[in-house]
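Descriptive analysis of the structure
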Amino acid sequence: MADAESAEMYLETIYILSKQLDNVRKIDVSKYLNYAKPSITRGISLLEKRGLVEVDDSGSIIMTAEGKKLAKRIYDRHTTLTQIFMCLGVDEQTATDDACRIEHYISDKTFNAIKKHLKSLKQ
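Here's what I pulled together on the structure shown here. (Residues numbered from 1 in each chain as written. Predicted model: local features only at pLDDT ≥ 70, side-chain atom pairs only at ≥ 80, totals over all residues. Heavy atoms only, no water.)

Side note on unusual backbone geometry
Using the following cut-off: Segments assigned H or I by DSSP are reported as helices when at least four residues long, segments assigned E as strands when at least two residues long, and all are numbered from the N terminus. The classification of residues rests on relative accessible area computed with a 1.4 Å probe and restricted to protein chains. Under 20% of the type maximum is buried, over 50% is exposed, and intermediate values are partly exposed.
Located in the positive-phi region is Asn-34, a residue other than glycine, with phi close to 60°. Relative to the assigned elements, Asn-34 resides in the loop between α2 (26-33) and α3 (37-49). Given the relative accessible area of 70%, Asn-34 is considered exposed.

Shown next, in the form of structure tokens:
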């Protein structure tokens, strides 16, 4: 499960960085996550083998359609869980940290119920 969680963390990071940068490179992921570059290289290589990203000749990391779909799913979980925890009175940093842990393990059924509840709170 730890490998799947790591893969999801890398994908989510690439997705977030791709919203901010024209080209996402391993060094960007390394700085964002505060991980050593060899760890990032290994992680990106595993994502490539799974068909979730490609690295072009210039070193830019490009998510495949499948990779982007998974990254958006993870990012949605992260932001939604953070919001619901903050609605419960949890401070932003704790809410973000807890959401980051939970987003990898929560079932679709439970997440969808939380998302539906959050939407009803906003109406």
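Still to come is the rest of the account.
Description of the packing of helix α4 (residues 65-87) against helix α6 (residues 108-122)
Rules: Lines fitted to the C-alpha atoms define the axes, with helices restricted to the stretch that makes contact. Angles between their N-to-C directions range from 0 to 180 degrees. Working rule for angles: under 35 degrees goes down as roughly parallel, over 145 as roughly antiparallel, 65 to 115 as roughly perpendicular, anything else as oblique. Working rule for handedness: look at the near helix, and if it is turned counterclockwise from the far one by less than a right angle, call the crossing left-handed; if clockwise, right-handed. We call two residues in contact whenever any of their non-hydrogen atoms come within 4.5 Å of each other. Under the scheme applied here, ten amino acids are nonpolar (Ala, Val, Leu, Ile, Met, Phe, Trp, Tyr, Cys and Pro), four are charged (Asp, Glu, Lys and Arg), and all others, including Gly, are polar.
As a packed pair, α4 and α6 sit with axes 10 Å apart at the nearest point and diverge in direction by 55°. Taken together, α4 and α6 sit at an angle that is classed as oblique. Crossing of α4 against α6: the hand is left-handed. Where α4 approaches α6, its residues Arg-73, Asp-76, Arg-77, Thr-80, Leu-81, Gln-83, Ile-84 and Cys-87 are matched on the opposing element by Asp-108, Phe-111, Ile-114, Lys-115, His-117, Leu-118, Leu-121 and Lys-122. Grouping the amino acids of the contact of α4 with α6 by side-chain chemistry returns seven nonpolar, three polar and six charged.

Section: α4
Within an α-helix, residues lying three or four positions from one another point in the same direction, as the helix has 3.6 residues per turn. To keep it simple, the criterion reads: Each residue after the first adds 1.5 Å to the expected span of a helix.
With 23 residues, α4 should reach 33 Å at 1.5 Å per residue; the first-to-last C-alpha distance of 33 Å fits that figure. Along α4, the positions that sit buried rather than exposed are Gly-67, Leu-70, Ala-71, Ile-74, Arg-77, His-78, Thr-80, Leu-81, Thr-82, Ile-84 and Phe-85. Among the residues trailing α4, Gly-89 stands out with phi positive, at a value near 100°.

Describing the packing of α4 against helix α5 (residues 92-102)
Direction vectors running N to C along α4 and α5 enclose 135°, while the axes themselves pass 8 Å from each other. With respect to α5, the element α4 is oriented oblique. Every pair of crossing elements has a handedness; the one defined by α4 and α5 is right-handed. Contacts between α4 and α5 involve His-78, Leu-81, Thr-82, Phe-85 and Met-86 from the first element and Glu-92, Ala-95, Thr-96, Asp-98, Ala-99, Cys-100 and Ile-102 from the second. When grouped by side-chain class, the residues that make up the contact of α4 with α5 number seven nonpolar, three polar and two charged.

As for the packing of aromatic side chains
To keep things clear, this is the line we draw: Stacked, tilted and edge-to-face are the three classes applied to pairs of Phe, Tyr and Trp rings, where Trp contributes its six-membered ring and a pair requires centres within 6.5 Å; stacked means planes under 30 degrees apart, edge-to-face means over 60, and tilted covers the rest. We call a charge positioned over a ring when the NZ of a Lys or the CZ of an Arg lies within 6 Å of the ring centre and within 35 degrees of the ring normal.
All chains considered together, the criterion is met by two aromatic pairs. Ring geometry for Tyr-10 against Tyr-35: centres 6.2 Å apart, planes inclined by 85°, an arrangement best described as edge-to-face. Of this pair, Tyr-10 sits in helix α1 (residues 2-20) while Tyr-35 sits in the loop between α2 and α3, and the two are 25 residues apart along the sequence. Across from the ring centre of Phe-111, 5.1 Å away, lies the NZ or CZ of Arg-77, which sits over that ring.

Quick word on the nonpolar core
Most often, soluble globular proteins have nonpolar side chains that are buried together. To keep things clear, this is the line we draw: Take the buried Ala, Val, Leu, Ile, Met, Phe, Trp, Tyr and Cys residues and link them wherever side-chain atoms come within 4.5 Å; each set so joined is a nonpolar core.
Core analysis: the biggest nonpolar cluster contains 20 residues, and Leu-11, Ile-14, Val-29, Leu-47 and Val-53 have the highest contact counts within it. If you list the elements that add at least two residues to this core, you get α1, α2, α3, β2 (61-63) and α4. Ranked by residue count, the leading element in this core is α1, at seven residues. Contact partners of Ile-14, with chain neighbours within four places excluded, come to Val-24, Val-29, Ile-44, Leu-47, Val-53, Ile-61 and Met-63.

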